[in-house]
Structure formats: structure tokens, C-alpha cells
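Residue-level structure breakdown
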Amino acid sequence: MARTSVTAGAIDRALAAVFTSEMIRQGVSYRTVSAQANLAPTRVYLILAAQRPFYARDVVALAEALGLPMATVVKRAQQQLTP
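Since the model is a prediction, treat every value here as computed from it, not as a measurement. (Residues numbered from 1 in each chain as written. Predicted model: local features only at pLDDT ≥ 70, side-chain atom pairs only at ≥ 80, totals over all residues. Heavy atoms only, no water.)

So, the nonpolar core
The biggest cluster of nonpolar side chains holds 23 residues, and the ones touching the most others in it are Leu15, Phe19, Val33, Leu48, Phe54, Leu62 and Val73. For this core, the elements supplying multiple residues, two or more each, are α1 (10-26), α2 (30-37), α3 (41-48), α4 (56-66) and α5 (70-81). In contact with Val73, not counting residues within four places along its chain, are Leu15, Val18, Phe19, Val59, Ala63 and Leu68. (Core = buried A, V, L, I, M, F, W, Y, C linked by side-chain atoms within 4.5 Å. Buried < 20%, exposed > 50% of the residue type's maximum accessible area, 1.4 Å probe, protein only. Helix = DSSP H or I, 4+ residues; strand = E, 2+ residues; numbered from the N terminus. Contact = heavy atoms within 4.5 Å.)

So, the pattern of salt bridges
A complete count under the given rule lists three salt bridges for this structure. Salt-bridge contacts for Arg25 lead to Glu22; the nearest nitrogen and oxygen are separated by 2.7 Å. Within this pair, Arg25 and its partner Glu22 are both found in helix α1, separated by three residues, close to a single helical turn. A salt bridge links Arg76 to Glu22; the nearest nitrogen and oxygen atoms lie 3.0 Å apart. With Arg76 in helix α5 and Glu22 in helix α1, this residue pair connects regions lying 54 residues apart in the sequence. A relative accessible area of 30% places Arg76 in the partly exposed class. The class for Glu22 is buried, based on a relative accessible area of 2%. Several salt bridges share partner residues, and in doing so they unite Glu22, Arg25 and Arg76 into one network. (Salt bridge = Lys/Arg side-chain N within 4 Å of Asp/Glu carboxyl O.)

Here we look at α1
Here α1 is 17 residues long and its end C-alpha atoms lie 24 Å apart, about the 24 Å a rise of 1.5 Å per residue gives. Residues Asp12, Ala14, Leu15, Ala16, Val18, Phe19, Glu22 and Met23 constitute the buried set of α1. At its buried positions, α1 is contacted by α2, α3, α4 and α5. Remark: Gly27 follows α1 within two positions and exhibits a positive phi of approximately 70°. (Expected span 1.5 Å × (residues − 1).)

Structure follows, in C-alpha cells:
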């Protein structure tokens, strides 16, 4: 089976901005948040750099690791998408 290229879209970039800004606000590193979220550091780097799309489990794990309610994540991501 041929591999298909999977790229990040607008919602992925919005989510990356939400999580990255929260990490900066809290002073949390990629390694720390990846450990707290039980995600590979490489995976966290790639999704937060908008080089790979988010999976639902990534969003939930990062939100929980950063102590963000899902409603807050969705609202902030929506604000990123709204001009």
C-alpha cells in the first residue's frame, strides 16, 4: 500500500497555537508536557510545529497535561480561526 502524505490543516495550526501559548504561559517545555501527556516528545514537537495533524487523543492528552478544560481549548482554537 502506498503511503499518503498527511499534512496539518488550519485547525491543527490553531490547536498548535493554543497549546504552544499555554506552554509558554506556564513555562512548560516540550519534554515536560510530552511526559505529562504520555506522548512521545517527537510527536509533541511535530504537532505543535504544525508539521503533523492532531489526533483527538493528542488534543485530550495535551489539554489534560496543561490543565485546560476542553471547552477552553475549543474556544481558543476557534478564536485563532476567526479573522
